[in-house]
Amino acid sequence: MIDPAAPEFWPQLFAVLLEGTWETLYMTAIAMAITFIVGLPLGIVLVGTEPGRFLQAPLGQRWLGRAINAVLGFVVNLGRSVPFIVLMIALIPFTRWLLGSFIGTGPAIVPLTLVAIPFFVRVVEIAVREVDAGLFEAAESLGASRWLIVRRVLLPQAWPAIALGTATTVTSIINFSAMVGVVGGGGLGNVALTYGMQRYSALHIVFVVIILFVIVQVVQWLLTRLARRLSGATPAASRAARRTERAALDLDDASIVTAPAPREPARGDTDSPTR
Amino acid sequence: MITIDHVSRRFGDGPDAVVALDDVSIEVKRGEIFGVVGQSGAGKSTLLRTVNALERPDSGTVTVDGTVITGLEGAALRQARHKIGMVFQHFNLVGNRTVSQNVEFALEAVGVKGDERRRRALEMLDLVGLGHRANDRPAQLSGGQRQRVGIARALASEPDVLLSDEATSALDPETTRQILDLIKRLSGELGLTVLLITHEMDVVKRICDSAALMERGRVVEQGRLAELITTPGSRVAAELFPVGEPHRIPGHSIVDITYADLSADRPVIAQLARDFEIDLSILGAAIENVAGVQAGRTRLAVPDASTTQVLTALRAQGITAWEVQAPDVQAQEVTA
């Protein structure tokens, strides 16, 4: 039991919280950075290798596209279905092989990264899937290479959703980081565990909750702003867009009629002939 | 310039298979504007996409300017696509990139770099009258303006061929006219060959030199418009000159006469009535500006006894005239 009335209580509390916050930010930042670098291309490849997509036949081989897609989809689902605590323990030999040790804040980044990657791959997958197929078609019609299509069409269009998904991913990494005390990792979760639970200090828990809340809020706020920027909806641009729309209605120059003509299916003409 | 040779394409297998293209052959000559018309589901979209290999036919070949497109893959295909521009019904512009970035993308695909790329993109935008909107985003433009950007993008790599996939179908009539006139002007200035698909006859009427009518994956009629409009029984011409459904009139035959390049100043019909002392009723008439010439069609009811005489007299004057079979009343009810 810790006595809050003791003179050394508050300085100790702040020292402990500061260290915990630093460790949490450190683990989360590195895990997120690696997750981003690995997950982004994997997500793009996962969607791209679907039949009919721009990577359906890498190196001109359709079977290769199908194989990559199947393996990737399987691994991602596997990763997502293993509980973090189990994953963490199961990864101990791997972490030891990789870093020489499995105990501590640094090694804890390994399971955190590996749990975040499948999550983030799904985030990227959804973002990429949302990109209008017409844009890919237009880019292909211009004779653009795959790499150029990814850089100039896919990524610009997917960034806003990826930014929002990154916020969610960061939040869940912070979440999982609370558990790494099991393998001797530090962080705010560990503070709550050792001081709050084992030594019955409610104040420690309260502060941990507040700090975690603030971190999540700030991350969410920053990335939401970033997403808005990336979608091209700067305040000036959206005001201008509204102006144009109003002017268009006033001048009866509204070029998009309210009931557009029935669109031919982009691929296939599969609807039955109307005559 | 574009030769589509016995192209077939089916989607799906077994009894559910849809035959989108059924042995289609089309020849588009250099510098002409060729329109493919048909209902949705007729296969015209699939047809257009075989020309730049967005769609691969099951059989048959597509040749553009001597290059067999259907045989190309990878880099060679991309190279060929640089010479074939395409515009889309829904414009397909990248929303969070500026207008000029959208056009520059086409030049990037060709490998043009830096200032040169920027300069040429602006040049293209000037050409379509949007130089002053270069730094706006597509959302800030009207539909007509967006399609102009689409055209600028399609033409940035200086292609020889422009494919248009219902480019004006999402636009209002006035904007449609402006976009069509722009396409026509650019095709003249840049020596483009244009292949367009549409379900609107007005598009064909306004800018096409030739047309093909598609139905259920087959081309049922094709040719130069000037010839089609004087071809008896032409479906394209019937759509161009809406004179109504023929109705059976007891004791009368129905005769259609078509004059390309309006010789209609001459009082042909009044003359006939006087010469043969018969009563001619006009059942319908249409005058249209087709392929740049004033052309017209009149539907007459001629007494049975004089039909042959009238047809001979008209043909003697160089006017295309033929008898139209009115469907039976019963048959009409069935189709209605």
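Just so it is clear, the model here is predicted, and its values are computed rather than measured.

### Topic: the overall build of chain A
Scanning chain A from terminus to terminus reveals 10 helices and zero strands. From first element to last, N terminus to C terminus, chain A shows the α and β order α-α-α-α-α-α-α-α-α-α. Burial analysis of chain A (275 residues in total) assigns 35% to the buried set. Taking as baseline every contact in chain A between residues at least 6 positions apart, the subset at least 24 positions apart corresponds to 71%.

### Section: the overall build of chain B
Summing up its helical and strand segments, chain B has 12 helices and 14 strands in all. Judged by the C-alpha coordinates and their principal axes, chain B covers about 80 × 50 × 35 Å. Buried positions account for 46% of the 336 residues belonging to chain B. Intrachain contacts of chain B at a sequence separation of at least 6 include 68% that bridge at least 24 residues.

### A few points about unusual backbone geometry
All names here are of chain B. One non-glycine residue, Arg216, lies in positive phi territory at about 45 degrees. Its place among the elements puts Arg216 in the loop between β9 (210-215) and β10 (218-224). Classification of Arg216 by C-beta neighbours within 10 Å gives partly exposed; the count is 18. A positive phi angle, near 50 degrees, is found at Glu277, a position not held by glycine. When the 7 C-beta atoms within 10 Å are taken as the criterion, Glu277 is described as exposed.

### Describing the sheet that holds strand β8 (residues 193-198) of chain B
Residue and element names in this part refer to chain B. Here we have six strands laid out as an open sheet, ordered β6-β7-β8-β3-β9-β10, and mixed in their pairing. Only two strands of the sheet have a single neighbouring strand rather than two, namely β6 (84-88) and β10. This sheet shows a mean twist of 15 degrees between the axes of neighbouring strands, independent of strand direction. Where β9 lies against β10, six bridges are found, and the strand directions are antiparallel. Looking across to β10, one finds that Ala212 is bridged to Gln222. This element, helix α5 (residues 143-155), spans β6 and β7 (161-165) of the sheet and lies at about 165 degrees to β6.

### Quick word on the nonpolar core
Of all hydrophobic cores here, the largest spans 148 residues; its most connected members are Leu112(A), Val124(A), Val51(B), Val103(B), Ala152(B), Leu195(B) and Ala211(B). It is helix α5 (residues 105-129) of chain A that provides the largest number of residues to this core, a total of 14 residues.

### Examining helix α9 (residues 202-230) of chain A
Residue and element names in this part refer to chain A. Look at α9: 42 Å from first C-alpha to last across 29 residues, which is about the 42 Å you get at 1.5 Å a residue. Of the surrounding elements, those touching the buried residues of α9 are α1 (9-48), α7 (146-177) and α8 (188-197). Note on α9: the residue one or two positions beyond its end, Gly232, has a positive phi of about 85 degrees.

### What to know about the domain arrangement of chain B
Residues and elements named next belong to chain B. Segmenting chain B into domains produces domain 1 (2-229) and domain 2 (241-324). Spacing between the C-alpha centres of domain 1 and domain 2 amounts to 38 Å. Each partner contributes residues to the interface: domain 1 has six residues there, and domain 2 has six residues. For the side of domain 1 that touches domain 2, the residue count by class is four nonpolar, no polar and two charged.

### Observations concerning the confidence of the model for chain B
It should be kept in mind that the predicted coordinates are not to be read in detail where pLDDT is low. Residues and elements named next belong to chain B. Mean pLDDT over chain B stands at 88; residues scoring 70 or higher make up 95%. Segment residues 330-336 is flagged for pLDDT under 50; beyond a separation of four residues in sequence, or across chains, it makes one contact in the model. Predicted complex metrics record ipTM = 0.84 and pTM = 0.80.

### A look at the sheet that holds strand β5 (residues 67-68) of chain B
All names here are of chain B. The strand order β2-β1-β4-β5 describes an open sheet built from four strands, whose pairing is antiparallel. The open sheet has two free edges, formed respectively by β2 (18-28) and β5, since each of these has just one partner strand. Of the pairings in the sheet, the one linking strand β1 (residues 2-11) to β2 comprises seven bridges and is antiparallel in character. Bridging from a neighbouring strand, Arg9 pairs with Leu21 of β2. Its contacts with the sheet place helix α1 (residues 44-51) against β1, β2 and β4 (59-64), and it is angled at close to 125 degrees to β1.

### A few points about helix α2 (residues 62-81) of chain A
All names here are of chain A. The end-to-end C-alpha distance of α2, which contains 20 residues, comes to 29 Å, matching closely the 28 Å that a straight helix rising 1.5 Å per residue would cover. Along α2, the residues classified as buried are Gly65, Asn69 and Val76. Along the axis of α2, the buried residues cluster in a sector spanning 45 degrees; they form a single face. Opposite the buried face of α2, by more than 90 degrees, sit the exposed residues Trp63, Ala70, Val71, Phe74, Leu78 and Ser81. Contacts made by the buried residues of α2 are with α1 and α5.

### Observations regarding the packing of α5(A) against α7(A)
Each pair of packed helices can be summarised by the angle the axes make with each other and by the distance between the axes. Residue and element names in this part refer to chain A. Orientation of α5 relative to α7, taken along the N-to-C sense of each, is 150 degrees, at an axis distance of 8 Å. Taken as axis vectors, α5 and α7 run roughly antiparallel relative to one another. By crossing handedness, the relation of α5 to α7 is classed as right-handed. Contact with α5, carried on its side by Leu112, Val115, Ala116, Phe119, Phe120, Val123, Val124, Ile126, Ala127 and Val128, involves Leu154, Ala158, Ala161, Ile162, Gly165, Thr168, Thr169, Ser172, Ile173, Phe176 and Ser177 of α7 and no other residues of that element.

### As for the environment of Ile162(A)
All names here are of chain A. Mapped onto the elements of the fold, Ile162 is located in helix α7. The exposure class assigned to Ile162 is buried, which follows from the 25 C-beta atoms found within 10 Å. Through-space distance from the C-alpha of Ile162 to that of Leu212 is 22 Å; in sequence the pair is 50 residues apart. Among all residues touching Ile162, those that are not within four sequence positions of it are Val123, Val124 and Ala127.

### Some remarks on the environment of Leu155(A)
Positionally, Leu155(A) belongs in helix α7. Note: C-alpha distance between Leu155(A) and Glu130(A) (25 residues apart in sequence) is 11 Å.

### Quick notes on the packing of α1(A) against α7(A)
Residues and elements named next belong to chain A. Between α1 and α7, whose axes approach to 10 Å, the crossing angle comes to 145 degrees. Classified by chirality, the crossing of α7 by α1 is right-handed. Seen from α1, the contacting residues are Thr24, Met27, Thr28, Ala31, Met32, Thr35 and Ile44; seen from α7, they are Val150, Leu154, Thr169, Val170, Ile173, Ile174 and Ser177.

Definitions and cut-offs
- Residue indices follow the written sequence of each chain, beginning from 1 at its first position.
- By the order in which they are written, chains take letters starting at A while ligands take numbers starting at 1.
- pLDDT decides what is reported in this predicted model: residues at 70 or higher carry local features, side-chain atom pairs at 80 or more are listed and counted, and totals for whole chains, interfaces and linings draw on all residues regardless.
- Each helix is a run of DSSP H or I of at least 4 residues and each strand a run of E of at least 2, with the numbering of both proceeding from the N terminus.
- In this scheme every C-beta is placed from the backbone, and a residue whose C-beta has 20 or more other C-beta atoms within 10 Å is buried, one with 12 or fewer is exposed, and one in between is partly exposed.
- We call two residues in contact if the C-beta atoms placed from their backbones are at most 7 Å apart.
- Criterion used throughout: strands pair if DSSP finds at least two bridges between them.
- For helices, the fitted axis covers only the stretch in contact; all axes are lines through C-alpha atoms, and the angles between them, taken along N-to-C directions, range from 0 to 180 degrees.
- In plain words, the nonpolar core is the set of buried Ala, Val, Leu, Ile, Met, Phe, Trp, Tyr and Cys residues that C-beta atoms within 7 Å link up.
- Expected helix span is computed as 1.5 Å times (number of residues minus one).
- For the domain bounds, the source is a domain assignment made automatically or taken from a database.
- Side-chain classes are defined by residue name, with Ala, Val, Leu, Ile, Met, Phe, Trp, Tyr, Cys and Pro counting as nonpolar, Asp, Glu, Lys and Arg as charged, and the others, Gly among them, as polar.
- Scored between 0 and 100, pLDDT is the confidence that the predictor attaches to each residue.
- By construction, the arc corresponds to the directions joining the helix axis to the C-beta atoms.
- Throughout this description, any angle smaller than 35 degrees is read as roughly parallel, any larger than 145 degrees as roughly antiparallel, any in the 65 to 115 degree range as roughly perpendicular, and the remainder as oblique.
- When the near helix sits turned anticlockwise from the far one by under a right angle, the crossing is termed left-handed; a clockwise turn instead gives a right-handed crossing.

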